[in-house]
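What follows is the residue order along each chain.
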There are 2 protein chains.
Amino acid sequence: MQRYFLAEPYEAKDHYRITGENYHHIVRVMRMEPGQQVFLAFRDRLAIIAEITDITEEAVVLKEISKELVEKELPVNVTIACGYPKADKFEWVVQKGTELGSHKFVGFPAKASVVKWDHKKLAKKTERLKKIATEAAEQSHRQFAPDILLLEKEQDVIDIFSSYDKVLIAYEESAKIGERSRFATTLSEMVGGESILFIFGPEGGFSPAEITEFQEHGGIVCGLGPRILRAETAPLYVLSAISYHFELV
Amino acid sequence: MQRYFLAEPYEAKDHYRITGENYHHIVRVMRMEPGQQVFLAFRDRLAIIAEITDITEEAVVLKEISKELVEKELPVNVTIACGYPKADKFEWVVQKGTELGSHKFVGFPAKASVVKWDHKKLAKKTERLKKIATEAAEQSHRQFAPDILLLEKEQDVIDIFSSYDKVLIAYEESAKIGERSRFATTLSEMVGGESILFIFGPEGGFSPAEITEFQEHGGIVCGLGPRILRAETAPLYVLSAISYHFELV
């Protein structure tokens, strides 16, 4: 069954009206008709099964049949922040990371980032990544399509530290000296509803100066096991481990 | 420091001689000289730091300086078996799965597999995947380059079940009915040195008949959380979770 993500929070109503891109998809792409059902996923993660009652020139009108009862979102909010990696790697992190349950993706220029994106390019990239995240959210049956935030300065990512309960930094040098417990310890301290910001370097990693700066603002460095993971693999390791920790154990 | 994987097990010797492709890489690509050091990773997972003492027309001669002491391999042997997925997805699973610690990759034609590879094509694919695995093993500083086994019949994968301590099958329908504990329970029953075969379907998943066949031969189905993972994402979830379980918690 198709799944559509709406910008507004859930509110009990007699009817729901869908316009814009979702209208186009239901009417022109899927050629749906009254009587057919879809999932509507609201901004506050509540999703309902709804039936089409009418299709007008501007809107698809639907009524609620039932609520989706299975919880499909991670119990903690995970934000994946990446120093801009090369080429299409970030698109790939967004697609796979959405499947694996990330709540938000943040990009920022780290010292070793090769790509340099100006304001205009960032706006265009943001739109493209939002589309990738929404498609992956639909495909993986999520109740929430992740947000995208692309920053212009490295300082901007430090400025968001204070809005998270935990801030961890994946650091290869920690792994090399055998640091293996901080990630798991941090997860075991968290309870449902809390938020964690997980920061990853680009291909060249972080400099000691960047790590010191992050630490001075409350970030904690941790290793991700004894093997060296690529820039685009590390975020997927973290999201898989968080799912395993909270959803399967 | 460069890392070279050798086909033989470790044996204490005065000198080690390297020929073939590794010789070519050391002498022609890296243009190394006597006095320089490399890692030599032997088939039995023991790795040493070795120094070049001589370079002849046919061989690079090295002497052992010290053993690599850090354990970089997962404490359990994990084999990832995939019903052949579309396009280059399997190459991608081999590259990322090697970074994440897989010991072996097995491919087989599942009922929903679209690609059909004959004997000749499989031999060519095997060589290509071995190369990808060895490069990824070097890049992620592993002590073992994973094996590749591409099978011609689905029955062939069932025939290898008996050589593993545990056989799990990732099954979407298990996830849908909320099965969430078998994977973690199975891991908690395992001890170092044991082996696990983890089976994944292609894009279309497994049919109920395939699942029944696997179960009749001792396979256990399990879910991987509430979100639907793509064919190529599920193996990475499993390897990350196994690393987290055994190496970080």
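Because the structure is a prediction, the values reported are computed rather than measured.

Engineer: How should I be thinking about the overall build of chain A in this particular structure?
Structural biologist: Helices and strands together make up the secondary structure of chain A, namely eight helices and 11 strands. For chain A, the C-alpha radius of gyration of 20 Å lies close to 18 Å, the compact-globule estimate for 249 residues. A burial count over chain A gives 55% of its 249 residues as buried. On chain A, roughly 11,100 Å² of surface is accessible, and the fraction owed to carbon and sulfur atoms is 50%. Computed over 31 positive and 38 negative side-chain charges, the inter-centroid distance for chain A is 5 Å.

Engineer: Sorry, what's going on with the interface of chain B and chain A here?
Structural biologist: A common way to express how large an interface is: the accessible area buried when the components associate. Contact residues are listed per partner, giving 40 residues for chain B and 40 residues for chain A. In this assembly, chain B packs against chain A so that about 3,600 Å² is buried in total across both faces, 54% of it on carbon and sulfur atoms. On the chain B side of the interface with chain A, the three residues burying the most area are B:R227, B:Y244 and B:L248, jointly 23% of the side's total. Joining chain B to chain A, the criterion identifies six salt bridges. One salt bridge connects B:E247 with A:R227, and the closest N-O pair in it is separated by 2.9 Å. Linking chain B to chain A there are 21 residue pairs in polar contact (both at pLDDT 80 or more). Contributing elements (two or more residues each) for the side of chain B that touches chain A: α2 (89-99), α6 (182-189) and α8 (234-248) of chain B. Element by element, the count of residues in the side of chain B that touches chain A is highest for α8(B), at nine residues. Across the side of chain B that touches chain A, the residue classes tally to 17 nonpolar, 12 polar and 11 charged.

Engineer: When you look at α8(B) in this model, what are you seeing that I'm missing?
Structural biologist: An α-helical segment advances 3.6 residues per turn. Residues three or four places apart therefore align on the same side. The first and last C-alpha atoms of α8(B) sit 20 Å apart over 15 residues, in line with the 21 Å expected at 1.5 Å per residue. Across the 15 residues of α8(B), 13 count as buried, placing the element largely inside the fold.

Engineer: Whenever I open this one, the pattern of salt bridges confuses me. Can you help?
Structural biologist: For side chains bearing opposite charge, pairing can occur when the charged atoms are close. All names here are of chain A. What the rule picks out here adds up to 28 salt bridges over all chains. Notably, a salt bridge pairs R128 with E91, separated by 2.9 Å at the nearest N-O pair. Here the residue R128 occupies a position in helix α3 (residues 119-139), and E91 occupies one in helix α2 (residues 89-99), the gap between them amounting to 37 residues. Take R128: its relative accessible area is 46%, and that puts it in the partly exposed class.

Engineer: Just to check I follow, could you spell out the sheet that holds strand β6 (residues 77-83) of chain B for this structure?
Structural biologist: Paired through backbone hydrogen bonds, the strands of a sheet run either parallel or antiparallel to each other. Residues and elements named next belong to chain B. What the six strands build is an open sheet, ordered β8-β7-β6-β10-β9-β11; its pairing is parallel. Because the sheet does not close on itself, it has two edges, and the strands there are β8 (147-150) and β11 (220-222). Averaged over all pairs of adjacent strands, the angle between strand axes in this sheet comes to 20°, irrespective of strand direction. Two elements, strand β7 (residues 104-108) and β8, share four bridges in a ladder whose sense is parallel. Bridge pairing in β8 links K104 to D147.

Engineer: What should I look at first to understand the UniProt feature "domain: Ribosomal RNA small subunit methyltransferase E PUA-like" (unreviewed entry) in chain A in this one?
Structural biologist: This chain's UniProt record puts "domain: Ribosomal RNA small subunit methyltransferase E PUA-like" (unreviewed entry) on residues 18-64 of chain A. With 21% helix and 43% strand, residues 18-64 of chain A has its two end C-alpha atoms placed 13 Å apart.

Engineer: Mind showing me how you'd approach the sheet that holds strand β7 (residues 104-108) of chain A here?
Structural biologist: Residue and element names in this part refer to chain A. Taking strand neighbours across the sheet as the criterion, the six strands line up as β8-β7-β6-β10-β9-β11 in an open arrangement whose pairing is parallel. Pairing within the sheet leaves two strands with one partner each, and these edge strands are β8 (147-150) and β11 (220-222). Each neighbouring strand pair of the sheet contributes to a mean axis angle of 20°, computed without reference to strand direction. In the sheet, strand β9 (residues 166-170) pairs with strand β10 (residues 195-200) via four bridges, with the strands oriented parallel. Directly across from L168, in β10, lies its bridge partner F198. Lying over the sheet, α2 contacts β6 (77-83), β7 and β8, oriented at roughly 165° with respect to β7. Here helix α8 (residues 234-248) sits on the sheet and contacts β6 and β10; the angle it forms with β6, its principal contact strand, is near 170°.

Engineer: It is not clear to me how the side chain of A:T126 should be interpreted in this structure. Could you clarify?
Structural biologist: All names here are of chain A. With respect to the element layout, T126 can be found in helix α3. Residue T126 is classed as buried on the basis of its relative accessible area, which comes to 14%. Filtering out sequence-adjacent residues up to four positions away, T126 remains in contact with I148 and L150.

Engineer: Would you take a moment to explain the domain arrangement of chain A for this structure?
Structural biologist: Residues and elements named next belong to chain A. Domain annotation of chain A identifies domain 1 (3-67) and domain 2 (77-248). The centre of domain 1, based on its C-alpha atoms, is set 32 Å off from the matching centre of domain 2. Domain 1 puts seven residues into the contact, and the matching count from domain 2 is 11 residues. For the pair domain 1 and domain 2, the summed buried surface comes to about 870 Å²; carbon and sulfur atoms form 49% of the total. On the domain 1 side of the interface with domain 2, the three residues burying the most area are R3, F5 and R45, jointly 70% of the side's total. The tally of links between domain 1 and domain 2 comes to one salt bridge. Across the pair R43 and D147 runs a salt bridge whose closest N-O atoms are separated by 2.6 Å.

Engineer: Sorry if this is basic, but what is going on with the relation of the copies chain B and chain A here?
Structural biologist: Relating one copy of the chain to the other takes a rotation about an axis and a shift parallel to that axis. The two copies are related by a screw motion: chain B maps onto chain A through a turn of 180° and a shift of 0.0 Å along the axis, at an RMSD of 0.0 Å. Here the two chains are linked by the operation of a two-fold rotation axis. Among all residues of chain B, the one whose C-alpha sits closest to the rotation axis is B:A241, at a distance of 2.5 Å. Residue by residue, 100% of the interface of chain B is reproduced at the interface of chain A, so both copies engage with the same surface.

The rules behind each value
Residues numbered from 1 in each chain as written. Chains lettered and ligands numbered in written order. Predicted model: local features only at pLDDT ≥ 70, side-chain atom pairs only at ≥ 80, totals over all residues. Heavy atoms only, no water. Helix = DSSP H or I, 4+ residues; strand = E, 2+ residues; numbered from the N terminus. Rg over C-alpha atoms; globule rule 2.2 N^0.38 Å. Buried < 20%, exposed > 50% of the residue type's maximum accessible area, 1.4 Å probe, protein only. Areas by Shrake-Rupley, 256 points an atom, 1.4 Å probe, with all protein chains shown as cover. Lys, Arg positive; Asp, Glu negative; His and termini not counted. Charge placed at Lys NZ, Arg CZ, Asp CG, Glu CD. Contact = heavy atoms within 4.5 Å. Buried area = accessible area lost by both parts, 1.4 Å probe. Salt bridge = Lys/Arg side-chain N within 4 Å of Asp/Glu carboxyl O. Polar contact = N/O pair within 3.5 Å; in protein donor to acceptor, adjacent residues only side chain to side chain. Nonpolar A, V, L, I, M, F, W, Y, C, P; charged D, E, K, R; others polar. Expected span 1.5 Å × (residues − 1). Pairing = 2+ DSSP bridges. Axes fitted to C-alpha atoms, helices over the stretch in contact; angles between N-to-C directions. UniProt positions renumbered as here; feature names shortened; annotations may be inferred. Domains from an automatic or database assignment. Least-squares fit on C-alpha atoms with pLDDT ≥ 70 in both.

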